[in-house]
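# Chain and residue survey
As a plain string of letters, each chain reads:
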Amino acid sequence: MRIWSGSASLDVVEIDAASNRGVDDARELRERAMYAPSSEGHYKVYIVDEAHMLTREAWNALLKILEEPPPRVVFVFATTEPQKIAQAAAPVLSRLQRFDFRRIGPADIRDRLMTVLAAEHVEAEPDAVALIARAADGSMRDALSLADQALSVGAGALTAERVRDALGLVPDDEYLTILDLVAEGRAGDIFPAIARLVDAGVDLGGFLSGLTDTLRALLALTLGAPMTDLSERMRDALAVRTDRLAAGDLLRMLHIITELEPHFRRSGQQQVLLESLLVRFALMDRTVSLEDVLRGMGGEGSPGIGRRTASTGHRGAEEPRSTSRAPSAERSRSAPPEPPHRPTDDAPPAADSSQPKAQSSQLTAQDSAPSTRNAPPPPDLNALVERWGEIVAQVRADGRALLAAALDQTMPVAVSARGDVTLELESDLHEQAIASSMDDVLAAIRSFFAGATRIVVRVASTSGPTADGAPRRLTEEAVKEQRLSLLRKRDPALDAAVDALDLELLE
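The sections below set out a description of the structure shown in this document. Note on numbering: residues in each chain are counted from 1, in written sequence order. This being a predicted model, a pLDDT of at least 70 is required before a residue's local features are given, and a value of 80 or more before pairs of side-chain atoms are given or counted; all residues contribute to the totals for chains, interfaces and linings. To get the side-chain values, take all heavy atoms of the structure and skip hydrogens and water.

## A look at the overall build of the protein
So the rule is basically this: The helix and strand labels rest on DSSP assignments: H or I over at least four residues marks a helix, E over at least two residues marks a strand, and numbering proceeds from the N terminus. Note on classification: 1.4 Å probe, protein chains only; a residue is buried when its accessible area is under 20% of the maximum for its type, exposed when over 50%, partly exposed between these limits. Here a residue-residue contact requires only that any non-hydrogen atoms of the pair lie within 4.5 Å. Residue-level accessible areas treat just the shown protein chains as cover; the underlying method is Shrake-Rupley with a 1.4 Å probe.
A tally of helices and strands in the protein yields 26 helices and six strands. Counting every position in the protein, which comprises 507 residues, the buried fraction comes to 30%. Pairs at least 24 apart in sequence give 67% of the contacts found in the protein among residues at least 6 apart. Accessible surface, the protein: about 31,000 Å² in total, of which carbon and sulfur atoms supply 53%.

## Things to note about the sheet that holds strand 5 (residues 420-425)
As a reminder, the rule being used: The pairing criterion for strands is at least two bridges between them, as found by DSSP. Axis definition: a line fit to C-alpha positions, over the contact stretch in the case of helices; interaxial angles, taken between N-to-C directions, run 0 to 180 degrees.
Pairing in this open sheet of three strands is mixed, and the strands run 4-5-6 from one edge to the other. Single-partner strands in this sheet number two, and they are strand 4 (410-415) and strand 6 (454-459). For this sheet the average axis-to-axis angle between neighbouring strands, irrespective of direction, equals 30°. Against the sheet, helix 24 (residues 438-446) engages strand 5 and strand 6, with an angle of about 115° to strand 6.

## Quick look at the pairing of strand 1 (residues 12-16)
As a reminder, the rule being used: If you view a crossover with the strands going away from you and the path from the first strand over the helix to the second runs clockwise, you call it right-handed.
Here strand 1 shows a clear split, with Val 13 and Ile 15 buried on one side and none of Val 12, Glu 14 and Asp 16 buried on the other. What joins strand 1 to strand 2 (residues 44-49) is helix 1 (residues 23-32), and the crossover it makes is right-handed.

## Considerations on the pattern of salt bridges
Short version of the rule: Here a salt bridge means any side-chain nitrogen of Lys or Arg lying within 4 Å of a carboxyl oxygen belonging to Asp or Glu.
Applying the stated criterion across every chain yields a total of 23 salt bridges. Put simply, Asp 180 and Arg 241 hold a salt bridge, and the shortest N to O gap is 2.8 Å. Placement of the pair is Asp 180 in helix 9 (residues 172-183) and Arg 241 in the loop between helix 12 (232-240) and helix 13 (247-266), with a sequence separation of 61 residues. The pair Asp 180 / Arg 241 is uniform in exposure class, with both members buried. The residue Arg 458 makes a salt bridge to Glu 424 at a minimum N-O spacing of 3.2 Å. Of the two residues, Arg 458 sits in strand 6 while Glu 424 sits in strand 5, which places them 34 residues apart along the sequence. We classify Arg 458 as partly exposed; its relative accessible area is 42%.

## Let's talk about the nonpolar core
The line we're drawing: The term nonpolar core refers to a set of buried residues drawn from Ala, Val, Leu, Ile, Met, Phe, Trp, Tyr and Cys, joined through side-chain atoms within 4.5 Å.
In terms of nonpolar packing, the biggest core is built from 42 residues, with Ile 178, Leu 215, Leu 238, Leu 274 and Phe 281 touching the most fellow members. Listing elements by their share of this core, those giving two or more residues are helix 9, helix 10 (190-199), helix 11 (204-222), helix 12, helix 13 and helix 14 (270-282). Ranked by residues supplied to this core, first place goes to helix 11 with ten residues. In this structure Leu 215 touches Leu 179, Leu 250, Met 253, Leu 254, Ile 257 and Phe 281, once residues within four positions along its chain are discounted.

## Quick word on the packing of helix 5 (residues 106-119) against helix 7 (residues 140-151)
Note the following rule: Working rule for angles: under 35 degrees goes down as roughly parallel, over 145 as roughly antiparallel, 65 to 115 as roughly perpendicular, anything else as oblique. What makes a crossing left-handed is the near helix being turned counterclockwise from the far one by less than a right angle; a clockwise turn instead makes it right-handed.
It is the contact of helix 5 with helix 7, at a shortest axis distance of 11 Å, that shows an interaxial angle of 50°. Considered as vectors, helix 5 and helix 7 are oriented oblique to each other. Classified by chirality, the crossing of helix 7 by helix 5 is right-handed. Seen from helix 5, the contacting residues are Ile 109, Arg 112, Leu 113, Val 116 and Leu 117; seen from helix 7, they are Met 140, Ala 143, Leu 144, Ala 147 and Leu 151.

## Observations concerning a negative patch on the surface
In plain terms, the rule: Patch criteria: residues need more than 30% relative accessible area and no salt bridge. Like-charged residues are merged within 9 Å; nonpolar side chains of Val, Leu, Ile, Met, Phe, Trp and Tyr are merged within 5 Å. Positive charges come from Lys and Arg alone, negative charges from Asp and Glu alone, with His and the N- and C-terminal ends not counted. By convention, charge coordinates are those of NZ in Lys, CZ in Arg, CG in Asp, or CD in Glu.
On the surface, a cluster of negative charge is made up of Glu 125, Asp 127, Glu 232 and Asp 236. Position of Asp 127 among the secondary structure elements: in helix 6 (residues 126-136).

## Here's the deal with the packing of helix 11 against helix 13
Helix packing geometry: the angle between the two helix axes and the distance between the axes. Where helix 11 contacts helix 13, the two axes come as close as 10 Å, and the packing angle between them is 160°. In terms of orientation, helix 11 and helix 13 fall into the roughly antiparallel class. The way helix 11 lies across helix 13 gives a crossing that is left-handed. In this structure, helix 11 contributes Leu 204, Gly 205, Gly 206, Leu 208, Ser 209, Thr 212, Leu 215, Arg 216, Leu 218, Leu 219 and Thr 222 to the contact, and helix 13 contributes Ala 247, Leu 250, Leu 251, Met 253, Leu 254, Ile 257, Glu 261, Phe 264 and Arg 265.

## Regarding empty space enclosed by the protein
The cut-off we apply is this: Using a grid of 1 Å spacing that covers the protein atoms alone, one calls a set of points a cavity when a 1.4 Å probe fits there but cannot get out, and a pocket when the set is open and has protein on both sides within 12 Å along at least five of seven lines; lining residues are those with an atom within 4 Å of a point. Grid points are joined across faces, edges and corners, and a volume is the space filled by probe spheres set on the points. Nonpolar residues are Ala, Val, Leu, Ile, Met, Phe, Trp, Tyr, Cys and Pro. Charged residues are Asp, Glu, Lys and Arg, and all others, Gly as well, are polar.
All told, the structure shown has one cavity of 30 Å³ or more when counted by the stated rule. What lines the largest cavity is simply Ile 178, Leu 179, Val 182, Leu 211, Leu 215, Met 253, Leu 278 and Phe 281. At the level of elements, helix 9, helix 11 and helix 14 are the ones that each hand at least two residues to the lining of the largest cavity. The element contributing the most residues to the lining of the largest cavity is helix 9, with three residues. Residues of the lining of the largest cavity, tallied by class, amount to eight nonpolar, no polar and no charged.

## Regarding the sheet that holds strand 2
In spatial order, the strands read 1-2-3; together these three strands make up an open sheet with parallel pairing. The sheet is open, and its two edges are formed by strand 1 and strand 3 (73-77), each paired on a single side. Averaged over all neighbouring strand pairs, the angle between strand axes comes to 15°, with direction disregarded. Of the strand pairs in this sheet, strand 1 and strand 2 are connected by five bridges, and their pairing is parallel. Its bridge partner being in strand 2, Ile 15 is matched across the sheet by Val 48. Along the sheet, helix 1 makes contact with strand 1, strand 2 and strand 3, crossing strand 2 at roughly 165°.

## Remarks on a nonpolar patch on the surface
Together, Tyr 43, Val 74 and Val 76 make up a nonpolar patch on the protein surface, roughly 240 Å² of accessible area in all. The class of Tyr 43 is partly exposed, set by a relative accessible area of 46%.

## Here's the deal with the layout of surface pockets
Considered as a void within the structure, the second largest pocket measures approximately 1,300 Å³ in volume. Lining the second largest pocket are 34 residues, with Phe 77, Ala 78, Thr 79, Phe 99 and Phe 101 positioned closest to its centre. The set of elements that each furnish at least two residues to the lining of the second largest pocket consists of helix 2 (56-67), strand 3, helix 3 (82-88) and helix 7. Classifying every residue of the lining of the second largest pocket gives 18 nonpolar, five polar and eleven charged.

## Quick look at the environment of Arg 235
With respect to the helices, strands and loops of the structure, Arg 235 is situated in helix 12. Overall, the relative accessible area of 26% leaves Arg 235 in the partly exposed class. Separated by 14 residues in the primary sequence, Arg 235 and Leu 221 place their C-alpha atoms 8.5 Å from one another. Beyond its immediate stretch of four places on either side in the chain, Arg 235 contacts Leu 221, Met 227, Thr 228 and Leu 230.

## What to know about the side chain of Thr 214
Within the secondary structure, Thr 214 sits in helix 11. Look past the residues within four positions of Thr 214 in its chain and what remains in contact with it is Tyr 175, Leu 179, Met 234 and Leu 238.

Structure representation (structure tokens):
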């Protein structure tokens, strides 16, 4: 009861594990836990905050007392990253009871903020409170802190404009402007729009998150779902734009942003990435849907070809050309055939036998041209590197363990505009294994990226011959160096850690 009333209690001890994370601190805690509570019938409670910061040795020191705790002693470990405890001290989890606390919804935060502001006699607009609730990201404490921050800027009622200025949020009009540029295909206007945001000091990471929320809200409204967490003005503005972007396009945009966001947070060229992303959205109407690709795969000379051209309106300019050839074809059919034994080289072909073949070849050219133009785009190198582990796992699941082991020592380093994927080996030990299974490797990549067309394998220069032309000797140190180099290429965080901590590969 003392804790709830704001008083202190000798039987409740809070320890910050971020500052006391060593094995000596754990031993001291273990010794202090042996003392009984201050009063009969009470419990002694030790609250360890940021418990994931404890070292493996500290957890080992606490393991015994957690298995057999003293009477009336309770340990409470609070953490926001339980997976780190599972990695550092998995046996500890079996000695504890785990309680997961979920985030507070924006609606609950908004209602609580309105109650607090009313109790403090502060006038606030509903849109301003909604902005704070979304920015709090599920934390009521952060919501109250953000409200205090917004109130400290200026005086009078708490308005949405005041909250945006205090928290550095992007106005809704900027998101609507970007949506209009994308919907109208005005790719060239993307660059001055982003430059204006950069000049205003906008956080591009926050802008990308806000754009994601806007696209999600527009998709929900397009599909007829209610959006209660939007302001009335924003809801009306998006409702007018529901017929300007198709639901499939919005879904693809959200998928692209989801794939880009992990790289975007770590990139030093965020403006370039954001500009290229929005230009890609603006040019999305020039891409081809899967239905058109499947519809364009009809057989040569099949009855559905004419119907396909009529139903999709595919390249309507090509139909007059085929119609203009029809009279010449009729004239060639009416012309008398030449004798079959005519020896001259410039003899015209017989109308009845060759003319259908000519028409068939023209039809094939006209039918295959759109399929060439509509070919899937080449895979993005960053996305290919990110999903390379999944591709290797797919090869291993198909029963090709040796090929998967070879691909595990390989890394994509380049993708051409035609879809040629260049794989680089750290050594030539696995070159033959990959070269003999090119089709299987290409099929595995295509299961994730349909735009891949060819595989090119090259060996890193470190595995080549020495200066005198003799083959380089493969030593244990060279193997470790190659393996570490491959791991550093896969994980930028590991690459930075190796340089900062001077790490080396043990096995």
